[in-house]
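Results of the structural survey
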Amino acid sequence: MRAQNPAALAAVVAFALGVTGCASSAPATAPQPTTEAQAVANDATQQASPTTAPIQQQAEPSAEGVSGTALGGATADQGTVSSGIPVPSAAPVVLGEWRAGEGVAGFDVSRYQEAVNWQGLAQTGHAFVYVKATEGGSHRSPTHDEQRTAAREAGLLQGGYHYARPAQSSGTLQARFFHGLGGGWSADGLTLPGALDLEFAEQGPQCHGLSPGEMVAWVREFSDEYRRLSGRIPVIYTSAEFWDICTGGDDSFADHPLWLFDHAEVPGPLPQGWERPTLWQRGIVDHLDRNVFFGTAEQLAAWASAPLR
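Residues numbered from 1 in each chain as written. Predicted model: local features only at pLDDT ≥ 70, side-chain atom pairs only at ≥ 80, totals over all residues. Heavy atoms only, no water.

Bringing the overall build of the protein into the picture now. Looking only at helices and strands, one finds eight helices and nine strands in the protein. In the protein, the share of contacts with a sequence separation of at least 24, taken over all contacts with a separation of at least 6, comes to 72%. (Helix = DSSP H or I, 4+ residues; strand = E, 2+ residues; numbered from the N terminus. Contact = heavy atoms within 4.5 Å.)

Below, the structure written as C-alpha cells:
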C-alpha cells in the first residue's frame, strides 16, 4: 500500500537530498551509471560464467546449529547459536513511525563506483554505506576490501551485500560464499548485517527460472544459513514488483529488515508482508545510489549491534 503521509515523507527526502555531498570526481553532467542489474551483465565479457545447475540437483549440506525461535518474531535475530558465532547482546532497536522523523542518509557502492569521496560524504551527513561483496556462487567484487577499508577510515557504518543469482546455486551455498568473502557480521558496533540483493534477471526468465514457491524456498535457505553463520538475519533488498511477481507476494519474511528499491520522490507500495522499510534506495545522485535509514542516527548505530523491532 502506498504511504499515506506524503508531506512527512517529503521532509525525509528533503533531508536526504540536502546532504548529497561530493560523491565522485566524475563531472556532474556525465550520464547516469548503469544500474546494478544491467551492469552485472557486462561481467560476462570479463569473467567466466559459473556452471548453472537446477537448485534441486544441488547437494545441500545440513543447516545445523540454529536454536532459539524458528527464525520468526521479534527474537529471531537473537538467541543462542552454534559456538563461535557472534550473538547480539543489546536489546532490540525499537523504531518509531517511519513516515515521520529525521532519517539518516547513506549510499551503496560496487566496483562501478571507481572514485568515491568518502570523507566528503561523511562530512556532509552520510552515516552508512553498503558495499557489494559477492555475486552468485563465484564472483567476488574486486573493490570490496578497498571500499570497506575506506568506509571505516571515514567513520561510516558499513555492511556487505550479495547480488543473488538463484539459477546458479542454492541459497545455502550462496549464503556461505557471501559470508566467507565480506558478508559476515561482527559485534564491533561498526558492521551492519549483510544484505541480500534480489532483482529481476537481466537476461532470460525474469525470475531466474524459478517458480514463486521455489524462489521463496531459495530466499529462506539463504536467510537460514546466513543467520546460522553470522548470528544476524539478513537485510532483504527488493522492490514490490519483484516480490509480487517472483515470490507470489509471500508474506513470511516480515521479520527481515526491508531495504526498499523505489527510485521515486516518496516510497511507493511495500512488498507483501512488510509494514515498513528499514532502508530506502531512493535514487542516483552524482553517480551513487542514495539511501535513507528510517530512524535516528542513534538507532542506526544501535542496529550495528542489535536487531530491529
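Here the structure, examined in full by the defined rule, presents seven salt bridges. When the shortest N-O distance is used, the salt bridge between Arg165 and Glu135 registers 2.9 Å. Of this pair, Arg165 sits in the loop between β4 (157-163) and α5 (171-183) while Glu135 sits in strand β2 (residues 126-135), placing them 30 residues apart in sequence. Salt-bridge contacts for Glu202 lead to Arg165; the nearest nitrogen and oxygen are separated by 2.8 Å. A residue pair is termed long-range when its members are at least 10 positions apart, and Glu202 in the loop between β5 (195-197) and α6 (212-230) and Arg165 in the loop between β4 and α5 qualify at 37 residues. Classification of Glu202 by relative accessible area gives partly exposed; the value is 27%. Several salt bridges converge on common partners, so that one network encompasses Lys132, Glu135, Arg165 and Glu202. (Salt bridge = Lys/Arg side-chain N within 4 Å of Asp/Glu carboxyl O. Buried < 20%, exposed > 50% of the residue type's maximum accessible area, 1.4 Å probe, protein only.)

As for its placement among the helices and strands, Arg111 is situated in the loop between β1 (104-109) and α3 (118-123). Among the polar contacts listed, one links the side chain of Arg111 to the side chain of Tyr112, at a separation of 3.1 Å. (Polar contact = N/O pair within 3.5 Å; in protein donor to acceptor, adjacent residues only side chain to side chain.)

Time to look at unusual backbone geometry. Here the phi dihedral of Asp286 falls at roughly 50°; this positive angle occurs in a residue that is not glycine. By secondary structure assignment, the location of Asp286 is in the loop between β8 (279-285) and β9 (288-293).

When two helices pack together, their arrangement is given by the angle between the helix axes and by the axis-to-axis distance. Two elements in contact, α5 and α6, have axes separated by 7 Å at closest approach and are oriented at 40°. Of the possible angle classes, the one that applies to α5 and α6 is oblique. As for the relative orientation of α5 and α6, their crossing is right-handed in sense. Contact with α5, carried on its side by Gly171, Thr172, Gln174, Ala175, Arg176, Phe178, His179 and Gly183, involves Trp218, Glu221, Phe222, Glu225, Tyr226, Arg228, Leu229 and Ser230 of α6 and no other residues of that element. In the contact of α5 with α6, the residues fall into six nonpolar, six polar and four charged. (Axes fitted to C-alpha atoms, helices over the stretch in contact; angles between N-to-C directions. Parallel < 35°, antiparallel > 145°, perpendicular 65-115°, else oblique. Left-handed = near helix turned anticlockwise from the far one by under 90°. Nonpolar A, V, L, I, M, F, W, Y, C, P; charged D, E, K, R; others polar.)

On to the environment of Ala195, then. Relative to the helices and strands, Ala195 resides in strand β5. Contacts of Ala195, omitting those with residues within four sequence positions, involve Tyr130, Gly160, Tyr161, His162, Phe178, Val235 and Trp259.

Under the definition given, this model contains 14 aromatic pairs. Consider the rings of Tyr161 and Trp259, whose centres lie 6.4 Å apart with planes at 90°: the pair is edge-to-face. With Tyr161 in strand β4 and Trp259 in strand β7 (residues 258-261), this residue pair connects regions lying 98 residues apart in the sequence. The burial state of Tyr161 is the same as that of Trp259; both residues are buried. Where Trp243 meets Trp274, the ring centres are 5.1 Å apart and the plane angle is 65°; that geometry is what we call edge-to-face. A residue pair is termed long-range when its members are at least 10 positions apart, and Trp243 in helix α7 (residues 240-246) and Trp274 in the loop between β7 and β8 qualify at 31 residues. With a relative accessible area of 0%, Trp243 lands in the buried category. On the accessibility criterion, Trp274 (8% relative accessible area) is buried. Cluster of aromatic residues (ring-pair linked, three or more members): Tyr130, Tyr161, Tyr237, Trp259 and Phe261. (Phe/Tyr/Trp six-rings, centres within 6.5 Å; stacked < 30°, edge-to-face > 60°.)

This part covers α6. With 19 residues, α6 should cover 27 Å at 1.5 Å per step; its first-to-last C-alpha distance of 27 Å lies within 8% of that length. Taken together, the buried positions of α6 are Met215, Val216, Trp218, Val219, Phe222, Ser223, Glu225, Tyr226, Arg227, Arg228, Leu229 and Ser230. The inward-facing, buried residues of α6 contact β4, α5, β5, β6 (235-238) and α7. Positive backbone phi, at 85°, marks Gly231, one or two positions downstream of α6. (Expected span 1.5 Å × (residues − 1).)

The next thing to look at is the side chain of Ser141. With respect to the helices and strands, the residue Ser141 is situated in the loop between β3 (139-140) and α4 (144-153). For Ser141, a relative accessible area of 4% translates into the label buried. Discounting chain neighbours no more than four positions away, the residues touching Ser141 are Arg111, Lys132 and Ala133.

Before going further, it helps to spend a moment on the pairing of β1. Of all six residues in β1, six are buried; the element is thus mostly enclosed. Residues Val104, Gly106 and Asp108 point to one face of β1 and Ala105, Phe107 and Val109 to the other, with burial holding for every one of them. Here β1 runs beside β9; their pairing, made up of five bridges, is antiparallel. Opposite Val104, over in β9, you have Phe293 as the bridge partner. In this structure, β1 lies alongside β2, joined through five bridges in parallel fashion. Along β2, the bridge assignment pairs Phe107 with Val129. (Pairing = 2+ DSSP bridges.)

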